[in-house]
Amino acid sequence: MNKKLFLLVLLCAVGIFALQAQYNFVVQNGSASVYNTLQEAYDNAGAGDTLYLPGGSFNFPSVDKPLVWIGVGYHPDSTAATYFTRINTPAYFSGNCDNTYITGMHFMSNVTFGTNGQDVTDVTIFRCRISGSLTLKYNNNVEVLLNDKVSECIIDGSIDAGTGSNVIIEKTILRGTMGHFRNSYMNHNIFTFGARNSGSGYSYLLYYSENCQVKNSVINYYSYINWRADVYGSFNNNFLNNIFAGNITFPDGSNTGSANLSGVDLTTVFETIDGNFQDFSYLHNFHLKAGSPAIGAATNGADIGIFGHDVPFKEGGLPVTPHIRMVTVDDETSNGLLPVSVSVGAQEN
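Computed from a prediction, not measured in an experiment: that's the story for all the values here.

Basis of the calculations
- Residue positions are given per chain, counted from 1 along the sequence in the order it is written.
- Thresholds applied to this predicted model are a pLDDT of at least 70 for local features of residues and 80 or more for the giving and counting of side-chain atom pairs; totals over whole chains, interfaces and linings are not thresholded and use all residues.
- Neither water nor hydrogens contribute to the side-chain values; these are computed over all heavy atoms in the structure.
- In plain words, nonpolar cores are sets of buried Ala, Val, Leu, Ile, Met, Phe, Trp, Tyr and Cys residues tied together by side-chain atoms within 4.5 Å.
- Burial classes: relative accessible area under 20% of the type maximum marks a residue as buried, over 50% as exposed, and values in between as partly exposed (1.4 Å probe, protein chains only).
- What counts as a helix is a DSSP run of H or I of at least four residues, what counts as a strand is a run of E of at least two, and both are numbered from the N terminus.
- By the convention used here, residues are in contact when the closest approach between their heavy atoms is within 4.5 Å.
- For two strands to pair, DSSP has to find at least two bridges joining them.
- Ring geometry is summarised as follows: Phe, Tyr and Trp rings, the Trp one being its six-membered ring, pair when their centres sit within 6.5 Å, and such pairs are stacked at plane angles under 30 degrees, edge-to-face over 60 and tilted between the two.

Before going further, it helps to examine the nonpolar core. For soluble globular proteins, the rule of thumb is that nonpolar side chains tend to be buried together. Judged by nonpolar contacts, the single largest core of 55 residues is most densely connected at Phe60, Trp69, Phe93, Phe113, Leu134 and Phe181. Elements with a contribution of two residues or more to this core: strand 1 (25-28), helix 3 (38-44), strand 7 (91-93), strand 10 (111-113), strand 14 (144-151), strand 16 (159-170) and strand 18 (178-182). With four residues, the single largest contributor to this core is strand 16. In terms of nonpolar packing, the next biggest core, distinct from the first, is built from 19 residues, Ile154, Ile173, Phe270 and Phe286 among them.

The structure is reproduced here in structure tokens:
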């Protein structure tokens, strides 16, 4: 049996939480060890180990070592058999957490990397949902090569790179703003938050950022008379082949752009928007409708948006591990044992 498949079946077989009133966490470091609490599993994990989290609702430890974190997924429909992996508390990763990898988790609050004077580099966040903001660097006083990647995520807040460079944001649905990026790359995203100039103040797509490229994305930012919603305090950024809901024009100071479509009614772009486009809903269908201006409008002749990438956004957001599709528990024991049937499907990517 494939090692990952064995570990996932082990998670289910040794502790279906509905039956045992407890969760089970697996730490993999060549051999698998099972623990009853997330804190216990974290305490016993060594640097570089993989920690498998089951479906359920958990408080997150303060993390001070590099680990691979693998949950069962964030999408309610895709995790119906297990419940999704929900992290209730803010997540803090100290400066000792270089090479952290996170997938298949829903963070209900903010996620923060780094401590004063010690930054975290080489972080990958893949197929997660963050219902708060994401901070990739503790402060923005010094430019640091981060080498971070955020891919196929849903982020309800903003992303702050803290003057970090070489950050990739791709195939991600982002409601907030992006700030303090250097020499970074944003490709095939959807930015849902329409900018405002009243109430709680101004909002910008990209602020205090330099030498970044934003391309092949759908952008729900719009401008008012004598006020720009795309950039603020930013220089030498390039916008290529994006769709803007607002009437955005370039150049804007030293910021340039080409082949962008502006003033686009976003109801003509996507199949279905459930209610307010700014607020993420699992009922949104971000596939392109027939006749969408995003079709074939990307830099390489592909489609603009999260499904136009060579490796498209994966619906359901499942991590690249075998997926528990169904768990069936018999009503009665047989020979003193309670039969449990687990249906598991492999993931190609």
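A few words on the environment of Glu152. On the secondary structure map, Glu152 appears in the loop between strand 14 and strand 15 (154-155). On the basis of relative accessible area, Glu152 is assigned to the buried category, the value being 1%. Separated by 161 residues in sequence, Glu152 and Phe313 place their C-alpha atoms 5.7 Å apart. Those residues in contact with Glu152, other than ones at most four positions away along the chain, are Tyr74, Phe126, Arg127, Cys128, Glu170, Lys171, Thr172, Val311, Pro312, Phe313 and Lys314.

A sheet is described by the order of its strands in space; here nine strands give the open sequence 4-6-9-12-15-17-20-23-26, paired in parallel fashion. Unpaired on one side and paired on the other, strand 4 (56-58) and strand 26 (243-244) mark the two borders of the sheet. Pairing of strand 15 with strand 17 (residues 173-174) involves two bridges; the strand directions are parallel. Bridge assignment links Ile155 to a residue of strand 17, and that residue is Leu174.

Next up on the list: the packing of aromatic side chains. On inspection of all chains with the given rule, the structure shows 18 aromatic pairs. Arranged with centres 6.4 Å apart and planes meeting at 15°, the rings of Tyr42 and Trp69 form a pair that is stacked. Here Trp69 lies in strand 5 (residues 68-70) and Tyr42 lies in helix 3, a separation of 27 residues in the sequence. Neither residue differs from the other here; Tyr42 and Trp69 are each classed as buried. Between Phe60 and Phe93 the ring centres are 5.7 Å apart and the planes differ by 55°, which places this aromatic pair in the tilted class. Of this pair, Phe60 sits in the loop between strand 4 and strand 5 while Phe93 is found in strand 7, placing the two residues 33 residues apart along the sequence. Each member of the pair, Phe60 as well as Phe93, is classed as buried.

Let us now look at the environment of Gly30. Structurally, Gly30 is set in the loop between strand 1 and strand 2 (32-35). Separated by 20 residues in sequence, Gly30 and Thr50 have C-alpha atoms that sit 9.6 Å apart.

Turning next to the pairing of strand 18. Across the five residues that make up strand 18, a large majority, five, are buried. In terms of strand pairing, strand 16 meets strand 18 through four bridges, oriented parallel. Looking across to strand 18, one finds that Gly164 is bridged to Phe181.

We now examine unusual backbone geometry. For the peptide bond that leads from Phe250 to Pro251, omega is 5°, which places it in the cis range. Within the secondary structure layout, Pro251 lies in the loop between strand 26 and strand 27 (256-258). The phi dihedral of Asn166 is positive, around 55°, even though this residue is not glycine. Since its relative accessible area comes to 36%, Asn166 is described here as partly exposed. In this model, Asn211 sits at a positive phi of 55°, which is unusual for a non-glycine residue. Looking at where Asn211 falls in the secondary structure, it is placed in the loop between strand 21 (206-207) and strand 22 (213-215).

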